[in-house]
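Architecture and fold: a report
Next come the chains, spelled out residue by residue.
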Amino acid sequence: MTTMSSLQAKRVQRVAPWILLGACLLLWQGACLVFDVSDFILPSPSSIVTSMVEYGGVIAGHAWRTFWTTMVGFAVAIVVGVVLGMLMGSSRLAYAATYPLMTAFNALPKAAFVPILVVWFGLGAGPAILTAFLISFFPIMVNIATGLATLEPELEDVLRVLGAKRRDVLLKVGLPRALPFFFASLKVAITLAFVGTTVSEMNAANEGIGYLLVSAGSAMKMPLAFAGLVVIAVMAMVMYELFAVLEKRMTGWAHRG
């Protein structure tokens, strides 16, 4: 009975998001029909789907541009975030000296960097890649540093008594222990990376979903603009789920059940 109830609970958990999404869409569609809301004010889900079908080729081209620029910026963020996180987490002095500066940097609005990046790198993919990097590396860095810095002193003392060097403790114990923190940061950072890319494309590009949002809005094609938002949400959700699957497979020992 316990096994059956557990399986039923897991099935409910899997379908619950889809049920909630369907209910929200039905409520949205019904409200637009009942109150006769204009597509210019708030397009209905059916209008958005129609727009996605009508402009499918255009949306796909812009979506591909946004996707690969986001992935490049995100890959750079992973490398930089892991390296800085390891440096901060392996040294109390580095942690104390670097963390306040990084926190202050993270508080700066990344959209303010876009005009500067345009001056440095011109219009195109460069500012979008760098904006995705700037907005997404901080969660990765902080989580890696936290995972390493919170290694139990008793465990570290025991390993050193057994002959382990500082590097051995870091690589063989610290990094595996930080893996749950790392994957948690990836799920947060990938959504931020898409935000950074889109913001940059809205101001400094002639391709991408961000550019599509601006051009559709200026042309009063609100269903097309909402279709672009849906595409961004879907891409971010797919990448989030990918990292969630990797997290379960690589850090199953850190999760209950």
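Predicted model only: the values in this text are computed from it and were never measured. (Residues numbered from 1 in each chain as written. Predicted model: local features only at pLDDT ≥ 70, side-chain atom pairs only at ≥ 80, totals over all residues. Heavy atoms only, no water.)

Here we look at the pattern of salt bridges
As enumerated under the stated definition, the model contains two salt bridges in all. In this structure, Glu-207 and Arg-65 form a salt bridge, with 2.7 Å as the shortest nitrogen-oxygen distance. Taken together, the residues span a long stretch of sequence, with Glu-207 in the loop between helix 8 (166-204) and helix 9 (209-218) and Arg-65 in helix 3 (residues 56-90) at a distance of 142 residues. Residue class for Arg-65 comes out buried when judged on its relative accessible area of 11%. Glu-247 serves as the salt-bridge partner of Lys-187, at 2.7 Å between the closest nitrogen and oxygen. Here Lys-187 is found in helix 8, whereas its partner Glu-247 is found in helix 10 (residues 222-250), with 60 residues between them in sequence. Look at Lys-187 and you get buried, because its relative accessible area is 15%. On the basis of relative accessibility, which here comes to 8%, the residue Glu-247 falls in the buried class. (Salt bridge = Lys/Arg side-chain N within 4 Å of Asp/Glu carboxyl O. Helix = DSSP H or I, 4+ residues; strand = E, 2+ residues; numbered from the N terminus. Buried < 20%, exposed > 50% of the residue type's maximum accessible area, 1.4 Å probe, protein only.)

Quick look at the UniProt feature "transmembrane region" (unreviewed entry) in the chain
As recorded in UniProt, the sites labelled "transmembrane region" (unreviewed entry) are residues 67-87, 169-195 and 224-246. Taken end to end, residues 67-87 is 100% helix and 0% strand, and its first and last C-alpha atoms sit 30 Å apart. Span residues 224-246 is 100% helix and 0% strand, its end C-alpha atoms 33 Å apart. (UniProt positions renumbered as here; feature names shortened; annotations may be inferred.)

As for the nonpolar core
Formed by 42 residues in total, the largest nonpolar core has its most connected members in Phe-74, Ile-140, Met-141, Leu-186, Phe-194 and Ile-209. Those elements that provide at least two residues to this core are helix 3, helix 5 (113-121), helix 6 (125-149), helix 8, helix 9 and helix 10. Here Met-141 is in contact with Gly-81, Leu-84, Gly-85, Met-88 and Met-102, once residues within four sequence places are set aside. (Core = buried A, V, L, I, M, F, W, Y, C linked by side-chain atoms within 4.5 Å. Contact = heavy atoms within 4.5 Å.)

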